[in-house]
Amino acid sequence: MSEHKTIRIREALFDDPSRNRRHAALIVLRGAEIGRDFRLRKNRMVVGRGETADIRLPDDRASREHASVAYTGAGRGDDTAFELTDLESTNHTLVNGERVSSVQLRDGDKIQIGDTILKYVVMDSIEASFHAEIRDRIVYDQLTGLLTKESLYLAFARELQRCLQYGHPLSVLMMDLDRFKSVNDTHGHLMGSHVLSEVGGIIRHAIRAADVSARYGGEEFVAYLAETGASGAELAAERIREAIEAHPFVRDGVSIGVTISIGVSTAPGDGASIDELVAAADRALYEAKESGRNRVCIAR
């Protein structure tokens, strides 16, 4: 009969100072590089869209040198003390929704620079490893360059919670290419893949940097537009629809035209959960298909 032994864990494993040391970072909650984290250093770091920025944001509404983050814990032994300063930016710097010129950052602060939202966080090594795992789960679809459905849902849940908390609207676009099966049947799957790749680029360029889009599956796409009501979402959907209708899809000398149908839903009126909003947008998409395709329909 085997003897059961209690395994003793070395206390030194938990006493290791390197495991308990905390560091500060900025995590992108909304923006083109959603999920990315920037570890803060003890030298002054510039945030902006310029090529020389230490924390570079691909955001047209951010100034080249928009703000700076400087370490203020010298002499106090505090590795997580940082001050954020606006560098006379064009569109200003907001912390927790309030415009600031300079502010001492606190764990959990939400910083808005242009259309990008970053969260100031203080993490130990275990928390950093956990975040790295979440970040690695943000996966892009190789064909279209958009997020995968699963990755979009990770970001969507967080953004929906934020918008509902602060009373902001959020809209969802459900998009489906019209008669896409005939593209594959008539011109082959290589042309079909080419169309999907081009459509992914068109969608990315038709929405703002703060908006997030994904390939939902097959020829279906989805996007959420933070702080955007139904009228703004309808305009964005029309931009996408018109851009795809006007775009010539050319491969090996063959040019074809493609159209898309789009359904739009908006929180909180059409729902306060991801499932409710996607279902409402899907019903509107069905209406767009049934009423003739190549059109945008708003959830009723």
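Located above this text is the structure these notes cover.
Here's what I pulled together on the structure shown here. Residue indices begin from 1 for each chain and proceed along its sequence in written order. Predicted model: local features are reported for residues with pLDDT of at least 70 only, side-chain atom pairs are reported and counted for 80 or more only, and whole-chain, interface and lining totals are derived from all residues. To get the side-chain values, take all heavy atoms of the structure and skip hydrogens and water.

## A closer look at the overall build of the protein
A run of H or I in DSSP counts as a helix once it spans at least four residues, and a run of E counts as a strand once it spans at least two, with each numbered from the N terminus. For the protein, the count of helices and strands is 8 helices and 19 strands. Only protein chains enter the accessibility calculation, which uses a 1.4 Å probe. A residue is then buried if its area is under 20% of the maximum for its type, exposed if over 50%, and partly exposed in between. Per-residue burial over the protein gives 46% buried out of 300 residues. The method behind every accessible area is Shrake-Rupley, applied with a 1.4 Å probe, and residues are considered shielded solely by the protein chains displayed. Accessible surface for the protein amounts to roughly 15,700 Å². Of this, 48% is attributable to carbon and sulfur atoms.

## A closer look at the nonpolar core
Formed by 29 residues in total, the largest nonpolar core has its most connected members in Leu173, Met175, Leu177, Val195, Ile240 and Ile262. Looking at this core, the elements with two or more residues in it are β13 (170–177), α5 (180–187), α6 (189–206), β15 (220–226), α7 (230–246) and β18 (260–267). Ranked by the residues each element gives to this core, the list is headed by α6, at 7 residues. With near-sequence residues (within four places) excluded, isoleucine 262 lies in contact with Leu173, Met174, Met175, Ala237, Ile240, Arg241, Leu285, Ala288, Arg295, Val296 and Cys297. Working definition of a nonpolar core: buried Ala, Val, Leu, Ile, Met, Phe, Trp, Tyr and Cys residues. They are joined through side-chain atoms within 4.5 Å. Membership of the second largest hydrophobic core comes to 23 residues, among which are Tyr71, Ile111, Leu118 and Tyr120. Whether two residues are in contact is decided by their heavy atoms, any of which lying within 4.5 Å being enough.

## A look at the sheet that holds strand β7 (residues 93–95)
Across the sheet, which stays open at both edges, the 6 strands sit in the order β2-β1-β11-β10-β7-β8 with antiparallel pairing between neighbours. Lying at the two open borders of the sheet, with one neighbouring strand each, are β2 (37–39) and β8 (98–100). Strand-to-strand twist of the sheet, defined as the mean angle between neighbouring strand axes without regard to direction, takes the value 30°. Note on pairing: two strands pair once DSSP finds at least 2 bridges between them. Pairing geometry for β7 and β8, over 3 bridges, is antiparallel. In the sheet register, valine 95 faces β8, and the bridge partner there is glutamate 98. Across the sheet, helix α4 (residues 149–166) lies against β1 (23–30) and β11 (116–123), angled at about 85° from β1, the strand it touches most. Angles run from 0 to 180 degrees between N-to-C directions of axes, and those axes are lines fitted to C-alpha atoms, restricted for helices to the stretch in contact.

## Here we look at the packing of α5 against α6
Direction vectors running N to C along α5 and α6 enclose 140°, while the axes themselves pass 6 Å from each other. With respect to α6, the axis of α5 lies oblique. Contacts between α5 and α6 involve Phe180, Val183, Asn184 and His187 from the former and His189, Met191, Gly192, Val195 and Leu196 from the latter. Of the residues in the contact of α5 with α6, the class split is 5 nonpolar, 4 polar and no charged. The cut-offs work like this: below 35 degrees is roughly parallel, past 145 is roughly antiparallel, 65 to 115 is roughly perpendicular, and the gaps in between are oblique. When residue character is reported, Ala, Val, Leu, Ile, Met, Phe, Trp, Tyr, Cys and Pro are called nonpolar, Asp, Glu, Lys and Arg charged, and the others, Gly included, polar.

## Thoughts on the pattern of salt bridges
By salt bridge we mean one thing: a side-chain nitrogen of Lys or Arg within 4 Å of a carboxyl oxygen of Asp or Glu. Here the structure, examined in full by the defined rule, presents 16 salt bridges. The shortest N-O distance in the salt bridge between glutamate 159 and arginine 30 comes to 3.8 Å. Of this pair, glutamate 159 sits in helix α4 while arginine 30 sits in strand β1, placing them 129 residues apart in sequence. For the pair glutamate 159 and arginine 30, one class covers both residues: buried. The salt bridge partner of lysine 289 is aspartate 178, with a shortest N-O separation of 2.8 Å. Here aspartate 178 lies in the loop between β13 and α5 and lysine 289 lies in helix α8 (residues 274–290), a separation of 111 residues in the sequence. Each member of the pair, lysine 289 together with aspartate 178, is buried.

## Digging into the pairing of β15
Most of β15 is tucked away: 6 of the 7 residues are buried. Bridge count for β13 against β15 is 7 bridges, and the pairing is antiparallel. Bridge pairing in β15 places valine 172 opposite tyrosine 224. Bridge count for strand β14 (residues 212–217) against β15 is 5 bridges, and the pairing is antiparallel. In the strand pairing of β15, valine 212 is matched with tyrosine 224. Hairpin connection, β14 to β15: the antiparallel pair is bridged by 2 residues, and glycine 218 has positive phi, about 60°.

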